Amino acid sequence: MWSSFTAGILAGYGIAIPVGAIAILIVNTALRCGFRAGFMAGAGAATVDLFYASLAMLAGSALVVVLQPVAFELRLLSGLLLIGLAVFGIWQGLKPPKAGSEVIGGCQPLRTYWQFTLITLVNPMTVVYFTALILGMDAAQQLTRSDQLLFVLGAGLASLSWQTLIAALGGFGRHHLSDRFQRLAVIVGNVIILVLGSNILINALK
């Protein structure tokens, strides 16, 4: 039973640890708005990881049939969304900070949570990863409901712990790095997101 929990933890870290657009966005959010907003951003991403892990475990190969007809639209939406966020982030990073202004419009924790939930939800790599993982597990069909629940729980906890760590790093940087360095880090991070989003868009249009 606990082997399923361990497998879920490994699966959660497997999708969360690779440094991609979502991780960079979480760090940038924590740099710009503090740890609380960064944590809520990570919680949004972890919520979607938990959701997709549940779908992958319960639906398995049926996900491939459902997603295949809309794979192009998912990639297109994901690429456009990341490009839009990157352009907005670069613009925010280039603007001089307002005197006495500690919280920017996009820093409300609850709004940040839902924003990152949506961003991660349309990221096709998340669901593809979990579907491929389940299809590759020889004993997936023999797992009990308890095993499935432990797998999903492990995946969700692993994802949340990693997102919290990178949010903490961003929050640390907010309090220990100069304003100029923070703005530079935000700009560089968003340039990387712009490249990643453009790559997704180009591959979708091929």
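Because the structure is predicted, anything quoted here is derived from the model rather than measured. (Residues numbered from 1 in each chain as written. Predicted model: local features only at pLDDT ≥ 70, side-chain atom pairs only at ≥ 80, totals over all residues. Heavy atoms only, no water.)

Some words on the packing of aromatic side chains
(1) Moving on: Tallied over the full model, the rule gives 4 aromatic pairs.
(2) Moving on: On the basis of an interplanar angle of 40° and a centroid distance of 6.0 Å, the ring pair of Phe-35 and Phe-39 is categorised as tilted. With Phe-35 and Phe-39 both in helix α3 (residues 35–59) and 4 residues apart, this pair spans about one turn of that helix.
(3) Moving on: Centre to centre, the rings of Phe-88 and Trp-91 are 5.8 Å apart; their planes meet at 45°, and the pair counts as tilted. Of this pair, Phe-88 and Trp-91 are both found in helix α5 (residues 71–94), 3 residues apart, which corresponds to roughly one turn of the helix.
(4) Moving on: For Phe-88, a relative accessible area of 43% corresponds to the partly exposed category. (Phe/Tyr/Trp six-rings, centres within 6.5 Å; stacked < 30°, edge-to-face > 60°. Helix = DSSP H or I, 4+ residues; strand = E, 2+ residues; numbered from the N terminus. Buried < 20%, exposed > 50% of the residue type's maximum accessible area, 1.4 Å probe, protein only.)

Points about the packing of helix α2 (residues 21–33) against helix α6 (residues 109–121)
(1) Moving on: Relative to each other, α2 and α6 sit at 165°, their axes nearing to 11 Å. Looking at the two axes, α2 sits roughly antiparallel to α6. The hand of the α2/α6 crossing is right-handed. Residues Ile-22, Leu-25, Ile-26 and Thr-29 of α2 lie in contact with α6, whose contacting residues are Thr-112, Phe-116, Ile-119 and Thr-120.
(2) Moving on: Of the residues that constitute the contact of α2 with α6, the class distribution is 5 nonpolar, 3 polar and no charged. (Axes fitted to C-alpha atoms, helices over the stretch in contact; angles between N-to-C directions. Parallel < 35°, antiparallel > 145°, perpendicular 65-115°, else oblique. Left-handed = near helix turned anticlockwise from the far one by under 90°. Contact = heavy atoms within 4.5 Å. Nonpolar A, V, L, I, M, F, W, Y, C, P; charged D, E, K, R; others polar.)

Thoughts on a nonpolar patch on the surface
(1) Moving on: A cluster of nonpolar residues, Leu-184, Val-188, Ile-192 and Leu-196, forms a patch on the protein surface that exposes about 310 Å² of accessible area.
(2) Moving on: Counting through the fold element by element, Leu-184 comes out in helix α9 (residues 179–205).
(3) Moving on: The partly exposed category is assigned to Leu-184, whose relative accessible area is 49%. (Patch = residues over 30% accessible without salt bridge, like charges linked within 9 Å, V, L, I, M, F, W, Y side chains within 5 Å. Areas by Shrake-Rupley, 256 points an atom, 1.4 Å probe, with all protein chains shown as cover. Salt bridge = Lys/Arg side-chain N within 4 Å of Asp/Glu carboxyl O.)

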